[in-house]
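Structural overview
Take a look at the letters that make up each chain.
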Amino acid sequence: RLKTYTMLAALTIALAGCVAPQQQTTTATAPAKAPHAFKPIEFKYDSKQPESSNFARQLDLPIFQCELEAQTGSYAVRYGNRQGIAEYSQSLLDCNRHARAEGDAAVARLKAASVPKSQSELAKVLYAKWSAYLGTISPYSRTDIRAKSEYRAAKEALATEVKFSQ
């Protein structure tokens, strides 16, 4: 009989542990996500490259960033995320301001350098195509393929001229 009571006591203790109230686990809430803001990538001048090549690179970096801002913002537009639309619209405006400032700096640097006339003319065409393409970048519409291809063609024309003039 003692064995039976011992077994019952052990079984009761074991079962009591199984049905004991579970501790509540606190779910940690994720920290509030900081709003998206444009973070410009600094252009690094390469003194080993010709001025015209640096000019094209200085234009290319901010337009890449603006394309990225618009593409990411288009998801907010697609899903109707009002906060995302506001954040990415502001960041695209900031990117455009940065791109225009980089464009002005690139033009000033190119004017100060002594580049061949043919490169100077192609740089003017590149800047015009770049500016036109930059103006079409938006999260509300698809990429303007014509403006983008004209910009790329102008960039390739300048790169070809630089290559053959060296």
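Residues numbered from 1 in each chain as written. Predicted model: local features only at pLDDT ≥ 70, side-chain atom pairs only at ≥ 80, totals over all residues. Heavy atoms only, no water.

Check the secondary structure of the protein and you find five helices and zero strands. Secondary structure elements of the protein occur, N-terminal to C-terminal, as α-α-α-α-α. Buried positions account for 28% of the 166 residues belonging to the protein. For the protein, the share of sequence-separated contacts (at least 6 apart) that also reach a separation of at least 24 residues comes to 77%. Accessible surface, the protein as shown: approximately 11,700 Å² in total, 58% of it carbon and sulfur. (Helix = DSSP H or I, 4+ residues; strand = E, 2+ residues; numbered from the N terminus. Buried < 20%, exposed > 50% of the residue type's maximum accessible area, 1.4 Å probe, protein only. Contact = heavy atoms within 4.5 Å. Areas by Shrake-Rupley, 256 points an atom, 1.4 Å probe, with all protein chains shown as cover.)

Helix length check: helix α3 (residues 82-112), at 31 residues, gives a terminal C-alpha distance of 45 Å against a target of 45 Å (1.5 Å per residue), a fit within 8%. For α3, the N-terminal cap is N81; the gap from its side-chain oxygen to the backbone nitrogen of Q83 is 3.2 Å. (Expected span 1.5 Å × (residues − 1). Polar contact = N/O pair within 3.5 Å; in protein donor to acceptor, adjacent residues only side chain to side chain.)

Turning to the state of the cysteines, a few remarks are in order. A complete count under the given rule lists one disulfide for this structure. Between the sulfur of C66 and that of C95 lies a disulfide, 2.2 Å long from S to S. Across the disulfide from C66 to C95, rotation about the S-S bond amounts to roughly -110°, and the bridge is consequently left-handed. Of this pair, C66 sits in helix α2 (residues 51-78) while C95 is found in helix α3, placing the two residues 29 residues apart along the sequence. There is no split in this pair, since C66 and C95 are both buried. (Disulfide = S-S within 2.5 Å.)

Before going further, it helps to spend a moment on the pattern of salt bridges. All chains considered together, the criterion is met by six salt bridges. Between K117 and E121 there is a salt bridge, and its shortest N-O distance comes to 4.0 Å. In this pair, K117 and E121 both sit in helix α4 (residues 117-136), four residues apart, roughly one turn of the helix. For K117, a relative accessible area of 65% translates into the label exposed. A relative accessible area of 37% places E121 in the partly exposed class. A salt bridge links K124 to E121; its shortest N-O distance comes to 3.4 Å. (Salt bridge = Lys/Arg side-chain N within 4 Å of Asp/Glu carboxyl O.)

The biggest cluster of nonpolar side chains holds 23 residues, and the ones touching the most others in it are F55, L126 and I137. Mapped onto this core, the elements with two or more residues apiece are α2, α3, α4 and α5 (145-165). Among all residues touching L126, those that are not within four sequence positions of it are F55, A56, L59, Y151, A154, K155 and L158. (Core = buried A, V, L, I, M, F, W, Y, C linked by side-chain atoms within 4.5 Å.)

What follows covers the environment of E51. As for its position among the elements, E51 is in helix α2. Distance in space between the C-alpha atoms of E51 and A112 is 9.8 Å, their sequence separation being 61 residues. Residues in contact with E51, not counting those within four places in the same chain, are Y45, R109, L110, A113 and V115. Polar contacts involving the side chain of E51 include one to the side chain of Y45, which spans 2.3 Å.

This part is about α4. Its 20 residues place the ends of α4 29 Å apart at the C-alpha level, agreeing with the 28 Å of an ideal helix rising 1.5 Å per residue. Burial in α4 covers these residues: Q119, A123, L126, W130, Y133 and L134. Viewed along the axis of α4, the buried residues span an arc of 95°, placing them on a single side of the element. Those residues of α4 that are exposed and aimed more than 90 degrees away from the buried face are K117, K124 and G135. Considering only its buried residues, α4 is in contact with α2, α3 and α5. (Arc of directions from axis to C-beta.)

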